[in-house]
Every structure is written in C-alpha cells, then in structure tokens.
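# Descriptive analysis of the structure
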Amino acid sequence: MTERKTQTMQTRINLVAVVTGAANGIGWATAQRWAQEGYSVALLDLNVDAVQARALELGQPHIGLACDVSCEASVQAAVTAVMSTFGRIDVLVNNAGIGDQTGPTVAQNVEAFDHVLAVHLRGTFLMSQAVARTMLQAAPGVTGQRGSIVNLGSIASSIGLPSRNAYSAAKAGIVGMTRAMASELARDGIRVNAVAPGYVRTALINELERQGALDARGITHRTPMGRMAEPAEIAEAIVFLGSHRASYITGVVLPVDGGWTAFGSTESALRAVAVSATA
C-alpha cells in the first residue's frame, strides 16, 4: 500500500492520537506530525490556554484539553472528553514531564523528588491505564491491532546523570513499565514502545543555556553527531513507533540521542565540532 493510499485510508476512518505535554517542545512537534499523518489530534497539557491555542493553530478537527497527568480524576476527565469528541483513541503519546531539582543528593528535597515521579512515572501509568481501557473495547483491525502507546524515556533511562535522581528514576521506571505493558497487552492488539531522546533543542534548553545552568557546548562535543536534536526529529521517531509502519514492533526502547549512549570512549576520541553545529 502506498503512503498516499495509507494516509487517505487513515483520514477516512478518522484515526485519533492523544499527545500529553503538547503545548511546547517535543509534544507540540509530535502533535503537528500526527496531524500531517491525517490523524485527529487531542492535545493535552496542564497549561490549558497554551494547548488550546496550539489546537487552534492546527485547526479543525483537533482539540486542546487541560490535563494534569499526575491526577487520576483529571486524566479520566480528559480521556472521557476525547472519547466524547472522537469516539476512539488509536495512539497515546505519553510526553508530559517537568524538570527536576539538581544539586547534591544529600541536599535534595523529597517533595520535589516525589513531584517529578508523579508527573513522569505516575502520569505515564494513569494515562496508559485510562487509554488502554478504551482501546480494549475497540474492535481489532485487520491485523488484530487495537492501538499503540509510545512513552518518553530518556538517555537518563540507562545512564547516570549526576544529581538528577528523580528524573533518572522516573525515566528508568518508564522503560520498565513499557516492557511490562508491552508483554501484557500484545495479544490484546495493543503495542507499547518507548523513545529515549538525548538532549533536545527546546525552549527550556535555550533558557537554561542563557542562564548558564547548562553547558550546551560540552553536550554538543560529547554527542557523536555533534549537535542536539530538534524536537521534530524526536517526533519522527515517536510517530514511526506509534503508526502502522511499526506494526510488528512492541516492547522496544529506541534511542534518539545522536549516538550519546553508544559512545564509550573518552571525549578526546571525537573530532572537534564545527562552529556551525553549535549555533
């Protein structure tokens, strides 16, 4: 089946994608990419004004909804609203997340630790649970598929980032949960995968760099490809794993990190980065 025919078929049956944390960064890039694929997109975010503005930017039939992914009632209300509007959910992208506290472990705040896990880890669980319930009620497609879930891991899922305890624990937990759900739901026709980005050139990264809180030049040099990712590049991987093109893939964690986790030598083994790559 050609890509054009596939997109026409998707539009005709009104496939629906839900993206959390969709107001900015990777979430917004992913929502745009699903819309380009012909999906109706439900954009979810804690910032309701921003996410509704994004939905208006995409145009009809896309919608923006307020959702606190760490709150079960908020998650259920958002999923109910999506089902009321579209009648189905074919893809869930669990992208919502927040930054974590940095500094020595002995000085970290337990409430801040818990908050990071609540948004990243509990949020991924609550959204997956609520959406999987709707997917299990759907009639399977011709290949037995009912839907797919794509979670956002990180390079922190598999390597050590000093002082970033909560974020690392949350992202490692998401990888474990991805594999568990994939194993459980495969024969119900639901695929569950994860994307593990490296450093991505988002507005947050730009602000941290401006404040001097992030060594962008050091990150660029440590990355074998010599640059950070753009949000659209992460979105491409997410959409691939969530779409029919990955119909026989489940339980995987796909690094999209410019070679960061593959690199095991000293940084001196890498050639100097061209000036244009750090701009």
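For the structure itself, look to the data block above.
A short tour of the structure in this document, coming up. (Residues numbered from 1 in each chain as written. Predicted model: local features only at pLDDT ≥ 70, side-chain atom pairs only at ≥ 80, totals over all residues. Heavy atoms only, no water.)

## Here's the deal with the overall build of the chain
- Secondary structure summary: the chain contains nine helices and seven strands in total.
- Its C-alpha atoms give the chain a radius of gyration of 19 Å, near enough to 19 Å, the size a compact globule of 279 residues would have.
- The dimensions of the chain, computed from C-alpha atoms along their principal axes, are 55 × 45 × 35 Å.
- When each of the 279 residues of the chain is scored for burial, the buried share is 47%.
- Restricting the contact set of the chain to residue pairs at least 6 apart, pairs at least 24 apart contribute 69%. (Helix = DSSP H or I, 4+ residues; strand = E, 2+ residues; numbered from the N terminus. Rg over C-alpha atoms; globule rule 2.2 N^0.38 Å. Buried < 20%, exposed > 50% of the residue type's maximum accessible area, 1.4 Å probe, protein only. Contact = heavy atoms within 4.5 Å.)

## Quick notes on the sheet that holds strand 1 (residues 16-20)
- The strand order across the open sheet formed by seven strands is 3-2-1-4-5-6-7, and the pairing between neighbours is parallel. At either end of the open sheet lies a strand with only one pairing partner, and these are strand 3 (63-66) and strand 7 (253-256). Put simply, the sheet's adjacent strands are angled 20 degrees from each other on average, direction ignored.
- The pairing of strand 1 with strand 4 (residues 91-94) spans three bridges and is parallel. Directly across from Val 19, in strand 4, lies its bridge partner Val 93.
- Strands strand 1, strand 2 (40-45) and strand 3 of the sheet are contacted by helix 4 (residues 72-86), whose axis makes an angle of about 160 degrees with strand 3. (Pairing = 2+ DSSP bridges. Axes fitted to C-alpha atoms, helices over the stretch in contact; angles between N-to-C directions.)

Any functional reading would require information beyond the geometric quantities listed.
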